[in-house]
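Reading the structure
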Amino acid sequence: MSDRPLRLLWFNLATDADAPNLGFTTEWINALAQHCEYIDVISMRVGRVDVAANVRVFSLGKERGFSEARRAFRFYRLLWALLRARRHDACFAHMQPLFAVMAAPLLRLHGVPLTLWYAHRAVTMRLRLAVMAATRVVSSSREGFRLSDGKLRITGQGIDVDRFTPADPAQGPFTLMSLGRIAPVKRLETLLSAAQLMAEHGARFKLRVLGTVYPQDRQYACDLRAQVNRDGLNDFVEFAGAVPHDQVPAELHRAHVMVNLSATGSIDKAVLEAMACGIPVVSANEAFVEMLSPWGGQLLAPPDDPKALAQRIQALMAMESCARVALGEELRSLVERDHSMQHLVENLVSVLRGGEPVA
């Protein structure tokens, strides 16, 4: 493939600049668009579209309540029309093994190589089929892809370090933050138990839990609120709801420490965003063991151990503010080096052209 701008077909779960969990994909699309002649995006659902002039977005209509059968018909109709009307150099399926499997025969017919992005510990039959169909597989880290496959390339995560930047240390009570969807995989009950231990020992703090609750997780969210009431934590814990993507940096700047106990087994973007803002993090996610190993005794906590978690948090609370700032600067440097948007885009462009990650 020549070095001319790419002509890219993109499969997306949600294209919505305001989406709390997937708003970042708009940033990725716009960053890749600078290296493309055009990008055609087929998205399961669409919200506020804020993309570059050389990007077109087509919705399958989930936001309008279209049935699965209608969405499948629309997918094939759109895909066939685009492949006939345009010449695509590559197809990028972002966390869309289903679309990858569905599209594979038509992509192969038109000679369009398929690159699948996948970053989660779950290994399903759909994923196995998608990997078989793909030319390449990319992930933010080795931990985010649990199949042994020679197609895998590691690109890093894409954090906009120009948006996620340090600010003056947060004012007011010492504030802990959990950011991400509220679901059992996030192990928030362990965080609340640690908060109870800290409160019993006289610690003064505020815990802000931010995130979306999906219908299947409503009972879990109710159980968390019941735990707060039962343990007398109402003065310590705030459930602040979902946060639009463009407001995340401001919310992070209100925190002194980010806590992430996710069991997804892949690099959690919210943790990297906090690090980019110079905020220390405490994580029980196995995907961060290697990354945070230089500060393992401080920033890594064993899973499902409220006492150990409380000890890690209280040690950070006891640090001088300038020491926490210095720690935050080290963490930001790590994100700048390995997980910046520029780093990701350079690697993706190289892989989509048929080459290897460049950094």
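What counts and how
- Residues numbered from 1 in each chain as written.
- Predicted model: local features only at pLDDT ≥ 70, side-chain atom pairs only at ≥ 80, totals over all residues.
- Heavy atoms only, no water.
- Phe/Tyr/Trp six-rings, centres within 6.5 Å; stacked < 30°, edge-to-face > 60°.
- Helix = DSSP H or I, 4+ residues; strand = E, 2+ residues; numbered from the N terminus.
- Buried < 20%, exposed > 50% of the residue type's maximum accessible area, 1.4 Å probe, protein only.
- Axes fitted to C-alpha atoms, helices over the stretch in contact; angles between N-to-C directions.
- Parallel < 35°, antiparallel > 145°, perpendicular 65-115°, else oblique.
- Left-handed = near helix turned anticlockwise from the far one by under 90°.
- Contact = heavy atoms within 4.5 Å.
- Nonpolar A, V, L, I, M, F, W, Y, C, P; charged D, E, K, R; others polar.
- Patch = residues over 30% accessible without salt bridge, like charges linked within 9 Å, V, L, I, M, F, W, Y side chains within 5 Å.
- Areas by Shrake-Rupley, 256 points an atom, 1.4 Å probe, with all protein chains shown as cover.
- Salt bridge = Lys/Arg side-chain N within 4 Å of Asp/Glu carboxyl O.
- Pairing = 2+ DSSP bridges.

**Description of the packing of aromatic side chains**
What characterises a pair of aromatic rings is the spacing of the ring centres plus the angle enclosed by the ring planes. Counted by the stated rule, this structure contains nine aromatic pairs. Seen from their ring centres, Trp28 and Trp117 are 4.9 Å apart, and the 80° between their planes marks the pair as edge-to-face. One end of the pair, Trp28, is in helix H1 (residues 24-33); the other, Trp117, is in strand E5 (residues 114-117), and 89 residues separate them in sequence. Residue classification places Trp28 among the buried residues on the basis of a relative accessible area of 1%. Ring plane angle 75° and centroid distance 5.5 Å describe the contact between Phe75 and Tyr76, whose orientation is recorded as edge-to-face. Owing to a relative accessible area of 0%, Phe75 belongs among the buried residues under this scheme. Counting every residue linked through ring pairs, the aromatic cluster contains Phe11, Phe75, Tyr76 and Phe99.

**Quick look at the packing of helix H5 (residues 188-200) against helix H10 (residues 306-318)**
Interhelical geometry of H5 versus H10 gives an angle of 60° and a closest axis separation of 8 Å. Taken together, the axes of H5 and H10 are oblique relative to one another. Seen along the crossing, H5 lies across H10 with a hand that is right-handed. When H5 is examined against H10, the residues Thr190, Leu191, Ser193, Ala194, Leu197 and Met198 are found in contact with a partner set consisting of Pro306, Lys307, Leu309, Ala310, Ile313, Gln314 and Met317. Class assignment of the residues belonging to the contact of H5 with H10 gives a composition of nine nonpolar, three polar and one charged.

**Topic: a nonpolar patch on the surface**
On the surface, Met125, Leu129 and Met132 cluster together to form a nonpolar patch covering roughly 350 Å² of accessible area. In this fold, Met132 is placed in helix H4 (residues 125-133).

**Details of the environment of Phe75**
Looking at where Phe75 falls in the secondary structure, it is placed in helix H2 (residues 68-85). For the pair Phe75 and Ala103, spaced 28 residues apart in sequence, the C-alpha separation works out to 8.8 Å. Residues in contact with Phe75, not counting those within four places in the same chain, are Phe11, Ile42, Leu60, Phe99, Met102 and Ala103.

**A short note on the side chain of Gln227**
Turning to its location among the elements, Gln227 is positioned in helix H6 (residues 218-230). The contacts of Gln227, once residues within four sequence positions are left out, are Glu189, Leu192 and Ser193.

**Topic: the sheet that holds strand E1 (residues 6-15)**
Read across the open sheet, the seven strands follow the order E3-E2-E1-E4-E5-E6-E7; overall the sheet is parallel. Only two strands of the sheet have a single partner each, and these edge strands are strand E3 (55-59) and strand E7 (152-154). Averaged over all pairs of adjacent strands, the angle between strand axes in this sheet comes to 20°, irrespective of strand direction. Where strand E4 (residues 90-94) and E5 come together, four bridges link them in parallel fashion. For Ala93, the partnering residue across the bridge sits in E5 and is Leu116. Packing of helix H12 (residues 341-352) onto the sheet brings it into contact with E1, E4, E5, strand E6 (136-139) and E7, and relative to E4 it is tilted by some 130°.

**Let's talk about the sheet that holds strand E11 (residues 257-260)**
Taken in spatial order, the five strands of this open sheet run E10-E9-E8-E11-E12, and their pairing is parallel. The open sheet has two free edges, formed respectively by strand E10 (237-241) and strand E12 (281-283), since each of these has just one partner strand. The sheet shows a mean angle of 25° between the axes of neighbouring strands, taken without regard to direction. Across two bridges, strand E8 (residues 175-179) lies against E11 in parallel orientation.

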